[in-house]
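Notes for the structure review
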Amino acid sequence: LIARELTMLHHGVKEISSGKFGTMLDYSQASGEIKELFAAFNDMSKRLHAFEEQNIDTITLEKNKLEAVLMSIANGVVVCNNFDKITIINNAAQKILSANPTDILGTHIQNYCDTNGTLCFKEKIALFKNTPLEIMEKKPLEFSVDVDSRVVKTIVSPIYSKAHDYLGYILVLIDITREAEVDKLKSDFISNVSHELRTPVTVLRTYADTLYNYGDDFKFEEQKEFIGTINQGAGGFAQVSKEVSYTITYDATGMNGKIS
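The text that follows walks through the structure, step by step, so that each part is easy to find.

Rules of the game
Residues numbered from 1 in each chain as written. Predicted model: local features only at pLDDT ≥ 70, side-chain atom pairs only at ≥ 80, totals over all residues. Heavy atoms only, no water. Salt bridge = Lys/Arg side-chain N within 4 Å of Asp/Glu carboxyl O. Buried < 20%, exposed > 50% of the residue type's maximum accessible area, 1.4 Å probe, protein only. Helix = DSSP H or I, 4+ residues; strand = E, 2+ residues; numbered from the N terminus. Core = buried A, V, L, I, M, F, W, Y, C linked by side-chain atoms within 4.5 Å. Contact = heavy atoms within 4.5 Å. 1 Å grid on protein atoms, 1.4 Å probe; cavity = no way out; pocket = protein on both sides within 12 Å on 5 of 7 lines; lining within 4 Å. Points joined across faces, edges and corners; volume = space filled by probe spheres on them. Nonpolar A, V, L, I, M, F, W, Y, C, P; charged D, E, K, R; others polar. Phe/Tyr/Trp six-rings, centres within 6.5 Å; stacked < 30°, edge-to-face > 60°. Pairing = 2+ DSSP bridges. Axes fitted to C-alpha atoms, helices over the stretch in contact; angles between N-to-C directions.

This part is about the pattern of salt bridges. In total, this model carries five salt bridges according to the counting rule given. Across the salt bridge formed by Lys20 and Glu15, the nearest N and O atoms sit 3.6 Å from each other. Judged by relative accessible area, Lys20 falls into the partly exposed class, the value being 47%. As a salt-bridge pair, Lys129 and Asp84 come within 3.2 Å of each other at their nearest N and O atoms. Taken together, the positions of Lys129 in helix 5 (residues 122-129) and Asp84 in the loop between strand 1 (76-81) and strand 2 (86-89) put the pair 45 residues apart, joining distant regions of the chain.

Here it is, written out as structure tokens:
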């Protein structure tokens, strides 16, 4: 009889150790101190079950609060676990990546490709994973990728638990398409202005070089004419340089820029 009761108790302890809190033992037929032991076991199991439910509720609440915060962030946020699987993606990231959460959650971030079939993050994530975490923790990896018609600045940082255990990493996505277009327009404008100003500068230099090296071979009137041309050209060049300005405007869609 005692062996049977101990076997039941042993079975209950195994259930608790496997995480099945709330397991109850029938001790109606037990006797003496064994009955008290069974009652103490059931009380312990009941308390553990209540504590587990309380912890689950707390964890769920914190998780929901975290997701609510992430979803409200203007920049894109993608959270990946230690196995590179996407666990959270906020609304901004869904828009930037043109991704449906039901299709992308649980997939590997390295396998994400845009409509052109380009694996946008594979190479950079490999670089992140091959870099010591101590370095990534102090200086997150930053890079820009092309996703369809967008230019996306990406910042990758590791995620740790309170015990500083590595849990995965987070990607912050910032759409810098307009900024990239503005930079390109500015670069093109400066290049065009430099080209337009290079010709008069070359002419002035030619006149000055001629006077410097062969001035004695020219008559005074010819020298005066050369100097007058240089003076006039320098004045015009200075005026043009002073008045050069640029304006960048966008149409109603905010995507097509022009410069003047």
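From this point, the narrative continues.
Let us now look at the environment of Thr102. Mapped onto the fold, Thr102 is located in helix 4 (residues 101-104). Taking relative accessible area as the criterion, Thr102 reaches 65% and is therefore assigned exposed.

All right, on to the nonpolar core then. Formed by 25 residues in total, the largest nonpolar core has its most connected members in Val78, Leu97, Phe121, Leu171 and Leu173. Counting only elements with at least two residues in this core, the list comes to strand 1, strand 2, helix 3 (91-97), helix 5, strand 3 (141-147), strand 4 (150-160) and strand 5 (166-175). Not counting chain neighbours up to four residues away, the residues in contact with Leu173 comprise Asn75, Gly76, Val78, Ala93, Ile96, Leu97, Phe121, Val152, Lys153 and Thr154. Judged by nonpolar contacts, the second largest core, of six residues, contains Leu25, Ile34, Phe38 and Phe41.

Before going further, it helps to examine the side chain of Thr154. Within the secondary structure, Thr154 sits in strand 4. In contact with Thr154, other than residues within four places in its own chain, are Phe121, Leu141, Glu142, Phe143, Val145, Leu171, Val172 and Leu173.

Turning our eyes to something else, we now look at the layout of surface pockets. The space that makes up the largest pocket amounts to roughly 280 Å³. As for the largest pocket, its lining consists of 13 residues, of which Leu66, Val79, Ile88, Ile159 and Leu167 are closest to the centre. Put simply, the parts of the chain that give the lining of the largest pocket at least two residues each are helix 2 (32-72), strand 1, strand 2, strand 4 and strand 5. For the lining of the largest pocket, the residue count by class is nine nonpolar, four polar and no charged.

Moving on: the packing of aromatic side chains. According to the stated counting rule, one finds three aromatic pairs in the structure shown. Between Tyr112 and Phe121 the ring centres are 5.9 Å apart and the planes differ by 45 degrees, which places this aromatic pair in the tilted class. For the pair shown, Tyr112 and Phe121 are each scored as buried.

Here we come to the sheet that holds strand 4. Taken together, five strands build an open sheet; the order of strands is 2-1-5-4-3 and the sheet is antiparallel. The open sheet has two edge strands with one neighbour each: strand 2 and strand 3. Shown here is a sheet whose adjacent strand axes are inclined to one another by a mean of 25 degrees, direction ignored. Judged from the six bridges that link them, strand 1 and strand 5 form a sheet pairing that is antiparallel. Pairing of Cys80 across the sheet is with Tyr169, part of strand 5.

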